[in-house]
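An overview of the molecular structure
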Amino acid sequence: MNEVPVTAGIRPVADDPFARDLVKNALATIADEMALTVARTARSFVVKEALDFSTALFDGKGELIAQGTCLPFHLGAMPFAVAAVMKEFGDRIGPGDLFITNDPYDGSTHLPDIVLVKPIHAAGVRVGFAAALAHMTDIGGRIPGGNASDSTEIYQEGLRIPPSRIHRAGVPDENLFRLIERNVRVPDKVLGDIRSLIAACGQGERGILELVARHGAERFDALCRDLLDYTERFTRAEIARLPKGTWNFVDHLDNDGISPEPIRFEVTLTIAADEVTIDFTGTAPQVKGAINCVYPFTLSTALACVRSMVDLSIPNNAGYFRPIKVIAPEGTIVNPRAPAAVAARGITGIRIADTIFGALAQAVPDRIPACGANAPDVGVSFGGYGPDGRSHVFLEFLVGSWGGGPWRDGMDACTGTLVNYSNTPAEMIEAELPIAVERYALVPDTGGAGKWRGGLSLDRHLRFKLDGATLQIRSDRRDHPPYGLEGGESGAPAWVDIRRADGRVDTFPQKFLTTVDAGDVLRVRLAGGGGHGDPMLRDPERVLADVREGKVTAGHARASYAVEIAGNPPAIDWPATAARRASRVTTTGA
Amino acid sequence: MGYRLGIDIGGTFTDLVFLAPDGQVLTSKVLSTPDDYSRGIAEGLAAVFAAGQARADAVDQVVHGTTVATNAILEGKGARVGLLTTEGFRDVLEIRRLRMPVLYDINWQKPKPLVDRARRQEVAERIDAEGRVERALDRDGAAAAIDALLAEGVEAIAICLLNAYASGAHEEELAALVAARAPGVPVCISSALLPEIKEYERSSTTVVNAYIMPVVSRYLRLLTSGLHGLGVTAPLRVMQSSGGAMGVEAASTRPIHLIESGPAAGVVGAAELSRRLGGRPLIAFDMGGTTAKAALVSDGRFDRVGSLEVGGGINIAGRLLNGGGYHVRAPAIDIAEVGAGGGSLIRIDGGGGVRVGPESAGAMPGPACYGRGGTQPTVTDANVVLGFVNPAYLAGGSIPIDAELSRRALAEHVAGPLGLDLEAAAWGVHRVANATMARALRAVSTERGRDPRDFSVLAFGGNGPIHAAALAASLDVRRILIPPVPGLFSALGMLFPDTEHHYVRTFKHGLDQLDPAQLEAAFGLLEADGAKALAEDGYAPAAMRFERMADLRYLGENSELTLPLRADGPARDVLRVDFDAVHETTYGYHSADEVVEIVNLRVVARGLSSGPRVPDGLSVSAALGSRAPEGRRAVHFGPDHGTLEAEVVGRRAIGAAWEPGPLLIEEYDSTTVVPPGARVRRILWDVLEIELADPRGA
């Protein structure tokens, strides 16, 4: 049936052109139902409040046929887990089996991400796989939280589980469960999360079996193949609408936390006919610190970025991946060799995305905003023991604001398109942990100036109530703040320090590990979003509105926008503004 | 014994339903008057009274479903609100939970906060998670903050301080300061409205309440006086999102409970029907012009959720992704909604797939067959082509249609591009629409750990009875019920709600260390609130009932399960047993060795109705012009059955004995499709019951 000629881009399926849509709908629903199970039953903050998990369904051959509405960063990463299991176990995969891996070099993308893979059999024949992945609160290793950026080998990063069989024919392997239990700091949370993933896989299995019962195994398989072909066609049609050409962009991470050198990211984007190629040649070699990003994560990041450029209703499956090519030279930070440490690769994924969007902004300048701080550049890991000997682990990733433009200001405080992170309510933190939240607020004057202002920085201040606790911070965007576009300025840089209980303020590099005592206050300031367009072209009324809301001060309005605002209530001094702008505008192109 | 009156307002029509003591139901549909909805109601009622069809002074119960609260938010017509909050937390309302309701969308715009930054002021104070004062309220600073809000011209003040769920002391102190400095400015404090943990959710809810309070109270005043003017002296009650009703006083001070007032009524009607049918489990399925909604009812009860969002649009994945609208933490019937209805537009996407909605042709131009300039085919056009819908007119003759326009639109935009004949294309559209709507049904069943096959589908709304059979079949559901006046069923639901007040309080305690006296005291506080509100509604203590519930979870879990608290044992024991059991049914596992934690306590305070019992012999006499159905027509039932001649009859032509399909039962406001192989009969309340032949049918 693959031989049917393509007519006007549309190829009817042999006997029922609508069955594919029904299967598409059903698969998406099952994957979302799996995700809901994880979201509701997971124990850890990272999973439950940050939605750092994903669910997916595969056909019998291991091709992705649906992904749950979860973390965009994971789009395209899940197939590697299924491939790793198939490679390791081959024809020894049987009904009732369940597999686990967290090995970034063999199916996962860093150790905290545990993936469960469940083969699905109907009448002894494999008809699919269900898989679910979640970021665990802890995975053992040197530092609580499993996210340390200062490890230099994967062996320091925690428990590494190669693709392993955790259920055989429906019977759990107690040894493996005990091994995990003994190697993590918060076994109840980790095992709870694993149980939640297992429940999700079971739900995926039931859903697929229902579809197979309805359609028959063979027809279900044919419908899945048709769904992938349809998705590929749809994606190609969308890519074909983009301008053709080659564009290049460079951005940086400040450093890897070990050496002070900036790390270069280079992307060459080529859009030709109905295909996209993203080439990382020119990107820095792999680094000593734990921010190396394994290829599956680089690939999934690239896929997620391109996803924003095409019709949002394209289903998430392997058909979407086909017209998108990602070149990541081996031995670079975007495709490291083992045993490079990779725990904090999330920050690298963010910079990969920032660089890709920088290239896309040249291809489609009317669609892409300036760089934001709307992905979790800053990670906070806290761990300590209470007076009662109870262990407390807290992990959060902080998300700020969007870059401005090309037709609106950057959204203040909103997650970006790569992670759909939520924040943790201060009241939940205070009720459950020895931490008080002292401040969570927007910071005036921190959005990159532009015709369209970048979103503001966010401050987050945490006061600790334990002595001798370990605090590990992974931050960036201090030396290389989020870029502006089309003449817009960069957003304000990020900053992190600690005000000790005695009032002294300690400063640190972007990535550090320290000990905190009761009364110490961690003060995180996220970067601001970049501006878009010449600030001199910003409507003074918009500047005034920002001043009225306290998002921009009168001084900043004058310095960055040449808008003179005075009085109470504040008002624009039009003549003074006109004069100021006239003297500034000569240096800028429109 | 007098009349019950239900009033349901929609964007276009206002539905009035009278239930007479003898079980006669009288319905009337009048045009809504959006400038002042109470005017349309008064005019509609006046007409009914003038015609002598009911007597104003014989009405002894009035329940109203209103969109006034929701519209005020959607149209930005609420009060100018100021917000007082704890130092360091001025931006909680704007930061929200950060999350986007759609993935990958670089064009999504987050809603503007209802209170902009200039009208949000901080006060220095601090209460900890245990409710202890860490830092006293800075009264001078607070006075300055209040003055700054007044200088901004605020019309109402919301107060939400950090950890106020644990102690409202500082909020109350602030409220007193506001009252002293600005008497007459309405104040909402979070610890009184919603003493529940999570600062953003509580702030947003408090702000929304303050925002709509003046609009809602004014509207209810006008409506009350309008009713009095007509001689209706029965107390007005308003439908809540939770499925209960509340008096005007409570509704005016806590209008957040009215957000989903209208949709709740249909489910309340379904619950009443479920009770009449011996507790039969139902999926209430309401399909209108632009959306389809589903809710689950069993044993005459429905599930509730703890919060909803206003103005977020419709999102199929809405249960995972949120943040699209204004968050309101108030109990609401668990209703899932998808953007598919009769007016949903059909198009072919870039990959050659058929897409139904969520864009809608709306009332103007409407489906192509309306002949008002619409050329894109809609779901209704497909149903016209299939023969499900009368090819000459809708709504009992009041809307003429042109079936040729449906055929043309479908041929040009669907059948042609796909290389299919017209019937196959129309049948495909019908199925894809069903698949979209099936997501709503699954959202309330399989997502909740329930098997839809254990339920009957109760289909209503103008389009529900057309799609019910094929939709049910796609979920392997065998039984379908079509209530009388399916298009007005929501208004019918207004006849049944109890008066209810819902209260919640965070009470974070491990079950293993639960102190019964402390638990009793906490419930006592909530019940005292309930008793006070019921007394205001005119209920004597003997007519008050209190239902105790608790939100429980395994320590560290994300969301809680709400369980009723049985009285037949120590709370810690019965809650433990019940929680493990419910967790097992909902999530497929339980964990006996883990700590169970209470997060919130809830009380539903119910007023027992002294009004007339609803008779079993309900029968509907539409006071509406309706053409008698006639003859037979050709109907396409898909590749298995092809095109068949189906008899077109009225509801009364169906008796207590089963009649075989194919049949079309045509009424004023809908058409019920009984496919070949299925059978139909008329049961209690004039409900049509359809039984599908093959549970594995396509």
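Conventions adopted
- Residues numbered from 1 in each chain as written.
- Chains lettered and ligands numbered in written order.
- Predicted model: local features only at pLDDT ≥ 70, side-chain atom pairs only at ≥ 80, totals over all residues.
- Helix = DSSP H or I, 4+ residues; strand = E, 2+ residues; numbered from the N terminus.
- Rg over C-alpha atoms; globule rule 2.2 N^0.38 Å.
- Buried ≥ 20, exposed ≤ 12 C-beta atoms within 10 Å, placed from the backbone.
- Contact = placed C-beta atoms within 7 Å.
- Expected span 1.5 Å × (residues − 1).
- Arc of directions from axis to C-beta.
- Pairing = 2+ DSSP bridges.
- Axes fitted to C-alpha atoms, helices over the stretch in contact; angles between N-to-C directions.
- pLDDT = per-residue confidence, 0-100.
- Domains from an automatic or database assignment.
- Nonpolar A, V, L, I, M, F, W, Y, C, P; charged D, E, K, R; others polar.
- Parallel < 35°, antiparallel > 145°, perpendicular 65-115°, else oblique.

Scanning chain A from terminus to terminus reveals 13 helices and 22 strands. A compact globule built from 590 residues should have a C-alpha radius of gyration of about 25 Å, and chain A, at 25 Å, falls within 12% of that. Taking the principal axes of the C-alpha coordinates as reference, chain A spans close to 80 × 70 × 40 Å. Considering chain A as a whole, with its 590 residues, one finds that 64% of them fall into the buried category. Of all intrachain contacts in chain A linking residues separated by at least 6 positions in sequence, the fraction that spans at least 24 positions is 74%.

All names here are of chain B. With 13 residues, helix α4 (residues 139-151) should cover 18 Å at 1.5 Å per step; its first-to-last C-alpha distance of 18 Å lies within 8% of that length. Taken as a whole, α4 has its buried residues at Ala-142, Ala-145, Ile-146 and Leu-149. Buried residues of α4, seen end-on, are gathered within an arc of 100 degrees and therefore sit on one face of the element. What points out from α4, more than 90 degrees from its buried face, is the exposed set Asp-140 and Ala-151. Next to the buried residues of α4 lie β5 (81-86), β6 (120-123), β9 (156-160) and α5 (169-181). The first or second residue beyond α4 is Gly-153, which carries a positive phi of 75 degrees.

Right, let's talk about the sheet that holds strand β8 (residues 245-253) of chain A for a bit. All names here are of chain A. Strand order in the open sheet formed by four strands is β8-β9-β10-β11, and the pairing between neighbours is mixed. With one partner strand each, in any of the chains shown, β8 and β11 (324-327) form the two edges of the open sheet. Each strand axis lies, on average, 15 degrees off the axis of its neighbour in the sheet, ignoring direction. Those strands touched by helix α9 (residues 345-363) are β8, β9 (263-272) and β10 (275-279), and its axis lies near 145 degrees from that of β8.

Bringing the confidence of the model for chain A into the picture now. Model confidence for chain A is summarised by a mean pLDDT of 92, while 96% of its residues fall at 70 or above. When the criterion is pLDDT under 50, residues 1-14 of chain A qualifies, and its contacts beyond four places in sequence or with other chains add up to 17 contacts.

On to the domain arrangement of chain B, then. Residues and elements named next belong to chain B. You can read the domains of chain B as domain 1 (3-73 + 216-261), domain 2 (76-215) and domain 3 (499-607). One C-alpha centre belongs to domain 1, the other to domain 2, and the line joining them spans 32 Å. Across the contact, 12 residues belong to domain 1 and 11 residues belong to domain 2. Elements represented by at least two residues in the side of domain 1 that touches domain 2 include exactly α2 (68-74) and α7 (199-229). Residues of the side of domain 1 that touches domain 2, tallied by class, amount to eight nonpolar, two polar and two charged.

This part takes up the pairing of β9 of chain A. Residue and element names in this part refer to chain A. Of the two faces of β9, the one lined by Ile-263, Phe-265, Val-267, Leu-269 and Ile-271 is fully buried and the one lined by Arg-264, Glu-266, Thr-268, Thr-270 and Ala-272 carries no buried residue. Pairing of β8 with β9 involves nine bridges; the strand directions are antiparallel. Opposite Val-250, over in β9, you have Glu-266 as the bridge partner. Sheet topology places β9 next to β10; five bridges connect them, and they run antiparallel.

So, about the pairing of strand β4 (residues 59-65) of chain B. All names here are of chain B. Extensive coverage of β4 is indicated by the burial of six of its seven residues. As paired strands, β4 and strand β11 (residues 236-239) are joined by three bridges and run parallel to one another. Looking at the pairing, Val-62 lines up with Leu-236 of β11.

All names here are of chain A. Between helix α5 (residues 187-215) and helix α6 (residues 217-240), the least distance of the axes is 7 Å, while the angle of their chain directions is 110 degrees. Relative to α6, the element α5 lies roughly perpendicular. In contact with Leu-211, Val-212 and His-215 of α5, α6 contributes Ala-217, Arg-219, Phe-220 and Leu-223. Partitioning the contact of α5 with α6 into residue classes produces five nonpolar, one polar and one charged.

Let's shift gears to the interface of chain A and chain B. Contacts between the two partners involve 71 residues from chain A and, on the opposite side, 62 residues from chain B. Within the residue set of the side of chain A that touches chain B, elements represented by two or more residues are α1 (19-41), α5, α6, α7 (295-307), α10 (426-432) and β14 (435-443) of chain A. With 12 residues, the single largest contributor to the side of chain A that touches chain B is α1 of chain A. Partitioning the side of chain A that touches chain B into residue classes produces 30 nonpolar, 17 polar and 24 charged.

In this section: the domain arrangement of chain A. Looking at chain A, the domain boundaries give domain 1 (19-234) and domain 2 (540-585). Just the C-alpha atoms count here: the centres of domain 1 of chain A and domain 2 of chain A sit 54 Å apart.

Residues and elements named next belong to chain A. Where α1 contacts α6, the axes come no closer than 9 Å and their chain directions differ by 90 degrees. With respect to α6, the axis of α1 lies roughly perpendicular. Residues Ala-19, Arg-20, Val-23 and Lys-24 of α1 form the contact with α6, whose own contacting residues are Leu-223, Cys-224, Asp-226, Leu-227 and Tyr-230. Partitioned by chemical class, the residues of the contact of α1 with α6 number six nonpolar, no polar and three charged.

Residue and element names in this part refer to chain B. Overall, parallel pairing links the four strands, which are arranged β6-β5-β9-β10 in an open sheet. Each edge of the open sheet is held by one strand with a lone partner, namely β6 and β10 (187-189). Neighbour-to-neighbour, the strand axes of this sheet turn through a mean angle of 20 degrees, independent of strand direction. Sheet topology places β9 next to β10; three bridges connect them, and they run parallel. Within the sheet, the bridge partner assigned to Ile-157 lies in β10 and is Val-187. Along the sheet face, α4 touches β5, β6 and β9 and points at about 175 degrees away from the line of β6. Contacts from α5 reach β5, β6, β9 and β10 within the one sheet, and its direction differs from that of β10 by about 175 degrees.

Residue and element names in this part refer to chain A. Looking at the element boundaries, Glu-63 is found in the loop between β1 (53-59) and β2 (64-67). Here Glu-63 falls in the partly exposed class, since 19 other C-beta atoms lie within 10 Å of it. As a C-alpha pair, Glu-63 and Cys-224 span 161 residues in sequence and 9.3 Å in three-dimensional space. In this view, Glu-63 contacts Phe-58, Leu-228 and Ala-318; residues no more than four positions away in its chain are not counted.

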